[in-house]
Amino acid sequence: MRSLFMLFLAGLLCSGPPSAQGSDVPPEWVTTDRLLSDTELVAMLDPQSFPEAAAIQALYDEDPDAALQHLAARLRDAFAERYYFDWRRVEGRFDDYRKRFPSREAQHRSLAKIHAGLYPAAARWKLPYRNLKGNEVTAYELRHLARQHKMLDMAFVHLYDKRDPVHVDYFTGQMRSLNRAFMAGEFEDDEGGNGVYESFRAGYRVLNWLQVHAFFLGSDAYRWQDQVELVRTLLHTGAILHQKNQKFRYGNHQTRGAVALALIAILFRDFAGTEAWYENAMAILDEHLEREVNADGFQFERSVHYHTGDVLNYFRVMQLARINGFDVPTQWERRLKKMFEAAVVLARPDRRLPVLQDDTDQPWAEFNEVDAFMMLGAVLFDDPQINYFAARSVASDIYWLLRGEQFGRLEDLQRRRPQLASSALPQTGYYVMREGWSDGDHHLVISAGLSERKPDHQHGDMLGLVAHANGQEILPNYQVRYSLDDYIDFKNSRVKNVTLVDGLLHGRDWRGNKGGSGFGKWGFLPNPTVIAWRPGPDWDFFAGSHDGYEALGVTTFRSVLFLKGLGWIVRDRLESSTGPHEYQQVWQGHYSQEQGNVHHRATFADGSGLEIVQLGATPDSWARELRRGKGNLVYTQSREHGDFLTLLYPYAGFSGRLPYPMFVNGVLESGRWTIRIREGEALQSAEFRSDASVAIESGEGVFLMGATWFEKGDARFSLDDRSDLFLAKASAGGKVTWLGYRVSKVTVEGPTREADRLELRPGEASQLPR
């Protein structure tokens, strides 16, 4: 058979390709309404990319099976050179994988068993039907069947089991069942919301099946007929993805489909027209990078999960394009590096990221592991600051995406701890208060953003806080899972660190998705306004508001003052134009009552803890709630205007806790900070006198909380509104920093001066008249 093929090849190299074949075929050569026949598949070989095209085409006229068998052999050889790893050397690489990641075997086996226990090889692709356990297949389950991610686990098990052919037979059977379902019209289309050829699900399936293909190519059970069928299937899927993605659409679903289209075009460039697929895919992906990555570098949906997922999408394309000598837009590197730098802005001292919005890797988890994600940055950029967060060795998640020579470079990365202080992602709306990068340092993120486009993954947590200190999640947020019946609860305000009015949550008008998979979004979410952001070496200040309760006649303000070495002072002010309301301040965690309605404590396993102290008006009541083992603490005020002044005090161990009683003669001292509670007409010290309800002093100056006037020297300063401010000592410049929510004016009077008016802007320092 091989000698016959070589005779055809020798003759056709002289005569040239048929004029109706190869590159003369228009880009639309693959139909979307059916799979290519064998004749069409062979006819579409491009002689410019596949030198033996004419020989195989001529042989096909004489002996179709022989031609297809030779085509499969040539495509196998090409795949070994083009894919992320060489399938011919997979045995040695898999042995290394087993040694590096011994725990993964049980995980792969468990997931493969789940898949095989639910669906036969001849699967069904249209609802409704029952799985092998006799249960109705849900929309969520069908979507995951369409993604075929557990089929990849089965391919791993195939290697663990010394290439047991049962896994190959199962895969090829399921692949063919999808093709039969397509030709018979027995599959879920996009109109029903659960389309198996929808861009994200089809794209995900392509990524998984390409790796399955690479694992199976060394198996005798994976016949050449199966390999040709997979190529035919991938080309058909590519045609569908190309057709569906001619124009930009916001969201990660199109991104995943465009990634798959680019990979098909690179790996199977032997077929005419795929260059048009590559150009289309790269144009779409470039537009996503341009329009969906904010100027601060974070992905527009504001979720860590979708941010890291998008980076992995682009990495897949860049890595394969580089291996194959394909052009990648020059701006990709700059934009992608900005995405890793944005992750550094959010990162905590323990090198993890907080949970923000729809993070879905581990339901109910309180942090995001990102060492594997940051390793992608190390591969692309080898920047010591990015390398600092990368895993110490290659992670299992990206092991199969890297070439062998890249492993060695990752073992010897130069790492440098960031010097970044408190900072922000202003376009995305995350504000980070950071004490430092040492273990135990305090870290808090304020969420003050709303995606202008497609805020589908946003939670009801406007002006919500997430905090970490002493290695603990002191104010946690929680990951979610779309298929869980608690998803709607964990996407809203009772499990956030926010304020509420009359029990009304931030997220309203729930809209479940069309297919009924469990995912949904809020029809209403508050719009935020950032009033002030002032980071500094000793203290940071943030102030913002949102319109979530305007319909109730309530304006919502929140300010956060970070006193480094002490903790945070949170001011929640809720101004009503419609009379009394019930105002609630919600804090996540498990708390005990320490003193009345004003002092509660959470203690962690290592003896560290968080104390919450109400420094202002005493709440009318407090309560605790539980959901899925997660607790919260809710303070309630019922009055015309709500006003909470709250100290969040993290401590590292028993000796660092707040004393009892907390205030002795109205004074509490903690490190370099002294807190004074007004018990009489005024608070005073050598530096000031004021009617503020609370004063917090350090060597640099004093914070006056809830003041209407203060005296300094022989001058009296009268404020238009009761508010908070910082008075720097004369040795520190003698300026006043306004910590209110609106532009205000202060009247300055004294025995030796005429009355004067000074304008104060939130977060800005102004020189006091001398």
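Note: the structure precedes this text.
This report concerns the structure included in the present document. Note that residues are indexed from 1 along each chain, following the sequence as it is written. In keeping with the model being predicted, local features are shown solely for residues with a pLDDT of at least 70 and side-chain atom pairs are shown and tallied solely at 80 or more, while totals for entire chains, interfaces and linings include all residues. For the side-chain quantities, the full set of heavy atoms in the structure was used; hydrogens and water were omitted.

**Section: the packing of helix H14 (residues 304-324) against helix H16 (residues 371-381)**
Throughout, an axis means a line fitted to C-alpha atoms (over the contacting stretch in the case of helices), and angles, computed between N-to-C directions, take values from 0 to 180 degrees. A run of H or I in DSSP counts as a helix once it spans at least four residues, and a run of E counts as a strand once it spans at least two, with each numbered from the N terminus. In the contact formed by H14 and H16, the axes pass within 10 Å of each other and the chain directions differ by 35°. The handedness of the crossing between H14 and H16 comes out as left-handed. Only Phe-373, Leu-376, Val-379 and Leu-380 of H16 make contact with H14, whose side of the interface consists of His-307, Thr-308, Val-311, Leu-312, Phe-315, Met-318 and Arg-322. The handedness criterion is simple: a crossing whose near helix is rotated anticlockwise from the far helix by less than a right angle is left-handed, and one whose near helix is rotated clockwise is right-handed. Contacts between residues were defined by any pair of non-hydrogen atoms, one from each residue, lying within 4.5 Å.

**Some words on the packing of helix H6 (residues 104-118) against helix H8 (residues 149-160)**
One way to put it is that H6 packs onto H8 with a least axis distance of 8 Å and a crossing angle of 120°. The angle between H6 and H8 places the two elements in the oblique class. Between H6 and H8 lies a crossing of left-handed hand. Two secondary-structure elements touch here, H6 through Arg-104, Glu-105, His-108, Arg-109, Leu-111, Ala-112, Ile-114, His-115 and Ala-116 and H8 through Lys-150, Met-151, Asp-153, Met-154, Phe-156, Val-157 and Tyr-160. Basically, the charged four are Asp, Glu, Lys and Arg, the nonpolar ten are Ala, Val, Leu, Ile, Met, Phe, Trp, Tyr, Cys and Pro, and anything else, Gly included, counts as polar. Across the contact of H6 with H8, the residue classes break down as 9 nonpolar, 2 polar and 5 charged. We call two directions roughly parallel when the angle between them is under 35 degrees, roughly antiparallel when it is over 145, roughly perpendicular when it lies between 65 and 115, and oblique otherwise.

**Some points on the sheet that holds strand S1 (residues 423-425)**
Strand pairing follows a simple DSSP-based rule, namely that at least 2 bridges must link the two strands. Pairing is antiparallel in the open sheet, where 5 strands are placed in the order S1-S2-S3-S4-S5. Only two strands of the sheet have a single partner each, and these edge strands are S1 and strand S5 (472-475). For this sheet, the mean angle separating the axes of adjacent strands, direction not counted, is 20°. Both S1 and strand S2 (residues 430-434) contribute to a ladder of 3 bridges, which runs antiparallel. Its bridge partner being in S2, Ala-424 is matched across the sheet by Tyr-431. With respect to the sheet, helix H15 (residues 331-346) is in contact with S1, S2 and strand S3 (443-447), its orientation differing from that of S2 by roughly 50°.

**Here's the deal with the packing of aromatic side chains**
Stacked, tilted and edge-to-face are the three classes applied to pairs of Phe, Tyr and Trp rings, where Trp contributes its six-membered ring and a pair requires centres within 6.5 Å; stacked means planes under 30 degrees apart, edge-to-face means over 60, and tilted covers the rest. Taken as a whole and judged by the stated rule, the model has 49 aromatic pairs. Summarising the aromatic geometry, the rings of Phe-187 and Tyr-197 are spaced 5.5 Å apart at their centres and angled 80° between planes, so their arrangement reads as edge-to-face. With a gap of 10 residues between them, Phe-187 in the loop between helix H9 (165-184) and helix H10 (199-216) and Tyr-197 in the loop between H9 and H10 connect regions that are remote in the sequence. Take Phe-187: its relative accessible area is 17%, and that puts it in the buried class. When a residue's accessible area, from a 1.4 Å probe over protein chains only, is under 20% of the maximum for its type it is buried; when over 50% it is exposed; and in between it is partly exposed.

**Considering the sheet that holds strand S15 (residues 599-603)**
Pairing in this open sheet of 8 strands is antiparallel, and the strands run S9-S10-S11-S12-S19-S16-S15-S14 from one edge to the other. Looking at the sheet topology across the chains shown, the edges are occupied by strand S9 (528-534) and strand S14 (592-595). Taken pair by pair, the neighbouring strands of this sheet meet at an average axis angle of 20°, ignoring direction. Sheet topology places S14 next to S15; 3 bridges connect them, and they run antiparallel. Bridge pairing in S15 links Ser-592 to Arg-601.

**Re the pairing of strand S13 (residues 581-588)**
Across the 8 residues that make up S13, a large majority, 7, are buried. Strand direction decides the pairing type here: S13 and strand S18 (residues 630-639), joined by 8 bridges, are antiparallel. Residue Gln-588 lies in a different strand from S18, and its bridge partner there is Asn-632.

**As for empty space enclosed by the protein**
Cavity means a closed set of points on a 1 Å grid over the protein atoms alone, one where a 1.4 Å probe fits but cannot get out, pocket means an open set with protein on both sides within 12 Å along at least 5 of 7 lines, and lining means a residue has an atom within 4 Å of a point. Grid points are joined across faces, edges and corners, and a volume is the space filled by probe spheres set on the points. If you walk through the whole model with that rule in mind, you get 6 cavities of 30 Å³ or more. The calculated volume of the largest cavity comes to roughly 70 Å³. Lining the largest cavity, in full, are Leu-41, Leu-71, Ala-72, Leu-75, Arg-76, His-213, Gln-227, Val-228, Val-231 and Phe-268. It is helix H4 (residues 64-82) that contributes the most residues to the lining of the largest cavity, 4 residues altogether. Classifying every residue of the lining of the largest cavity gives 7 nonpolar, 2 polar and 1 charged.

**Some remarks on H9**
What a helix is expected to span follows from its residue count: subtract one and scale by 1.5 Å. For H9, spanning 20 residues, the distance from its first C-alpha to its last is 28 Å, which sits close to the expected 28 Å at 1.5 Å a residue. Any pair of nitrogen or oxygen atoms within 3.5 Å is treated as a polar contact; in protein, a donor-acceptor pairing is required on top of that, and neighbouring residues in sequence qualify only through side-chain atoms on both sides. With a side-chain oxygen positioned 3.0 Å from the backbone nitrogen of Val-166, the residue opening H9 is Asp-164. In the segment just after H9, Gly-185 is the residue with positive phi, at about 70°.

**Topic: the nonpolar core**
Within the largest apolar cluster, 148 residues are counted, with the highest numbers of intra-cluster contacts made by Phe-215, Phe-268 and Met-374. Ignoring any residue separated from it by four or fewer positions in sequence, one finds Met-374 in contact with Phe-340, Ala-343, Val-344, Ile-386, Phe-389 and Ala-390. The set of buried Ala, Val, Leu, Ile, Met, Phe, Trp, Tyr and Cys residues whose side-chain atoms join them within 4.5 Å is what this entry labels a nonpolar core. In this structure, Leu-465, Val-498, Val-501 and Leu-633 belong to the second largest nonpolar core, which totals 36 residues.

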